[in-house]
Amino acid sequence: MSAPLDRSASWPYDTAGDPASYVYARDEQPNAVSVENRIGALEGGRSLLFPSGMGAVTAVVLTMLPPGGTIAVAEGAYYGHRELFDHLRPWGVNAVEYDQTGAPPDDADLIVIEAPSNPMLTMPDFEAASAHRAAVICDATLASPLRLRPLEFGCDVSLHSATKVLAGHDDLLAGVASVTDDALYDRLHTTRHLTGLVASADTAWLLERGLQTVEVRIDRMEATARVLAGHLAEHPAVTTARYPGLGFVISFDVADGAAARRVETATKTIRNATSLGSVHTKVESRHRWEGDRCPEGLLRLSVGLEDVETLWADLEQALARV
Ligand code: PLP
């Protein structure tokens, strides 16, 4: 059954005048705790909810990066991470990109990998990353904890934009960081409490509702993605098709930026919109956001729940415009 929604910002002390289970919502809140327990069980760790994926990354970096330290971030990974780290440069944050299929640079003080990376869909070398002296953060948004549990691969933190497949319906922003180390959990909790990077009760409640169907959604989205990735790899207008063998995101290249624009604006069932992991299939050219970080002709396809034949027919007619 659904947990009751509790929008309280504060709760009464008990009859002896002492704090009860909940005191003030910036510290703990029942709907957030409920969703954290559910995600923690999926991740094999203890989870903390944040108001967005970027909020979670911000809290992790503020907590774990030593002042003046270097973050080694996977190239071809979510561009917002690199933008955030560059934005924090005045505070002494130094970001370098590296090929996550190999070892991180020796001088890294914090390592941010992505499994699989968005939109280049590479997988990290977990062994090389966890052999490094620096702590390892793994963003596994595109895999979900149902397909990949970074904490079992030696990562210190598993990160998700819960905005995506965990919620699944394009109707909320949220982020989650999960850890196994209790001391790190406490430090992250303190950062969240003091910075106020706190998700609302409504967000937590809606995310928990999304989690009730995440398994069946991912099974279907992934089965469809496998079929579409196979078709795309054989289509004459597609120069490169990437699919990491799991999950619901495919990226593929057509000749150039103009061809990509023609394809993304020609789909009918498939929506031309950003984001991924929802019940609605979406396609977009990533060059518009990422510039030279990805090929001009790259299209990212996030596969939803629609019928596979309908989706392929839609892609075929759009690719005919190339
Ligand atoms: N990580 C990945 C892989 C993403 O794709 C995104 C957003 O697209 C984020 C993190 C940031 O998440 P949010 O938009 O919830 O802040």
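Residues numbered from 1 in each chain as written. Predicted model: local features only at pLDDT ≥ 70, side-chain atom pairs only at ≥ 80, totals over all residues. Heavy atoms only, no water.

Moving on to the pattern of salt bridges. Between side chains of opposite charge, a pair can form when the charged atoms approach closely. Under the counting rule described, the total for this entry stands at 21 salt bridges. Of the charged contacts, one joins R192 and E36 as a salt bridge, the two residues approaching to 2.8 Å between their closest N and O atoms. In this pair, R192 sits in helix 5 (residues 182–195) while E36 sits in helix 1 (residues 30–43), placing the two residues 156 residues apart along the sequence. The exposure classification of R192 matches that of E36, with both residues buried. R261 is the salt-bridge partner of E264, the closest N and O atoms lying 3.0 Å from each other. Separated by three residues within a single helix, E264 and R261 lie in helix 8 (residues 257–266), roughly one turn from each other. With a relative accessible area of 1%, E264 lands in the buried category. When its relative accessible area of 47% is taken as the criterion, R261 is described as partly exposed. Counted as one network, the salt bridges with shared partners bring together R82, D86, R89, E97, R261, E264, E284, R286, R288, E290, R293 and R300. (Salt bridge = Lys/Arg side-chain N within 4 Å of Asp/Glu carboxyl O. Helix = DSSP H or I, 4+ residues; strand = E, 2+ residues; numbered from the N terminus. Buried < 20%, exposed > 50% of the residue type's maximum accessible area, 1.4 Å probe, protein only.)

Take the domain arrangement of the protein chain next. The extent of an interface is frequently quoted as the accessible surface area lost upon association of the parts. As assigned here, the protein chain comprises domain 1 (30–211) and domain 2 (214–319). Just the C-alpha atoms count here: the centres of domain 1 and domain 2 sit 25 Å apart. Each partner contributes residues to the interface: domain 1 has 27 residues there, and domain 2 has 31 residues. For the pair domain 1 and domain 2, the summed buried area comes to about 2,400 Å², and 60% of that belongs to carbon and sulfur atoms. Counting the contacts that link domain 1 with domain 2 gives four salt bridges. In this structure, R293 and E97 form a salt bridge, with 3.2 Å as the shortest nitrogen-oxygen distance. Taken together, domain 1 and domain 2 are joined by 14 residue pairs in polar contact (both at pLDDT 80 or more). (Domains from an automatic or database assignment. Contact = heavy atoms within 4.5 Å. Buried area = accessible area lost by both parts, 1.4 Å probe. Polar contact = N/O pair within 3.5 Å; in protein donor to acceptor, adjacent residues only side chain to side chain.)

As a further point, take the packing of helix 2 (residues 53–64) against helix 3 (residues 79–87). Helix 3 packs onto helix 2 with a crossing angle of 45 degrees between their chain directions and a minimal axis gap of 11 Å. By the angle class used here, helix 2 and helix 3 are oblique. For the element pair helix 2 and helix 3, the recorded crossing hand is right-handed. Where helix 2 approaches helix 3, its residues M54, V57, T58 and V61 are matched on the opposing element by G80, H81, L84 and F85. Counted by class, the contact of helix 2 with helix 3 contains five nonpolar, three polar and no charged residues. (Axes fitted to C-alpha atoms, helices over the stretch in contact; angles between N-to-C directions. Parallel < 35°, antiparallel > 145°, perpendicular 65-115°, else oblique. Left-handed = near helix turned anticlockwise from the far one by under 90°. Nonpolar A, V, L, I, M, F, W, Y, C, P; charged D, E, K, R; others polar.)

As a further point, take empty space enclosed by the protein. In this structure the tally under the stated criterion is three cavities of 30 Å³ or more. Put simply, the largest cavity is a space of about 70 Å³. Along its surface, the largest cavity is lined by A25, D27, E28, Q29, A32, V33, E36, L49, R192, V198 and A199. If you tally residues by element for the lining of the largest cavity, the top one is helix 1, at three residues. Empty space within the second largest cavity amounts to approximately 40 Å³. (1 Å grid on protein atoms, 1.4 Å probe; cavity = no way out; pocket = protein on both sides within 12 Å on 5 of 7 lines; lining within 4 Å. Points joined across faces, edges and corners; volume = space filled by probe spheres on them.)

This paragraph deals with the sheet that holds strand 10 (residues 271–272). Taking strand neighbours across the sheet as the criterion, the five strands line up as 8-9-12-11-10 in an open arrangement whose pairing is mixed. Unpaired on one side and paired on the other, strand 8 (240–242) and strand 10 mark the two borders of the sheet. Bridge analysis of strand 8 against strand 9 (residues 249–253) gives three bridges, and the strand direction is antiparallel. Bridging from a neighbouring strand, R242 pairs with S251 of strand 9. Contacts from helix 7 (residues 214–234) reach strand 8, strand 9 and strand 12 (298–302) within the one sheet, and its direction differs from that of strand 9 by about 10 degrees. (Pairing = 2+ DSSP bridges.)

In the structure shown here, the tally under the stated rule is three aromatic pairs. Taking the centre distance of 5.5 Å and the plane angle of 45 degrees together, the rings of W11 and Y22 count as tilted. Here Y22 lies in the segment before helix 1 and W11 lies in the segment before helix 1, a separation of 11 residues in the sequence. Under the relative-accessibility criterion, W11 is labelled buried at 16%. For Y22, a relative accessible area of 22% puts it in the partly exposed group. Consider the rings of Y78 and Y79, whose centres lie 5.5 Å apart with planes at 80 degrees: the pair is edge-to-face. On the accessibility criterion, Y79 (15% relative accessible area) is buried. Lying over the aromatic face of Y185, R46 brings its terminal NZ or CZ to 3.7 Å of the ring centre. Here R192 stacks its cationic end above the ring of F50, 6.0 Å away from the centre of that ring. (Phe/Tyr/Trp six-rings, centres within 6.5 Å; stacked < 30°, edge-to-face > 60°. Lys NZ or Arg CZ within 6 Å of the ring centre and 35° of its normal.)

Close contacts around the ligand come from 14 residues, with M54, D139, S161, T163 and K164 the closest. M54 is positioned such that a nitrogen or oxygen atom in its backbone is 2.9 Å from an oxygen atom of the ligand. In the model, an oxygen atom of the ligand is placed 2.9 Å from a nitrogen or oxygen of the N118 side chain. Burial of the ligand by the surrounding chains reaches 91%, relative to a free accessible area of 390 Å². Within the shell around the ligand, the residues separate by chemical class into four nonpolar, seven polar and three charged. (Near = heavy atom within 4 Å. Areas by Shrake-Rupley, 256 points an atom, 1.4 Å probe, with all protein chains shown as cover.)

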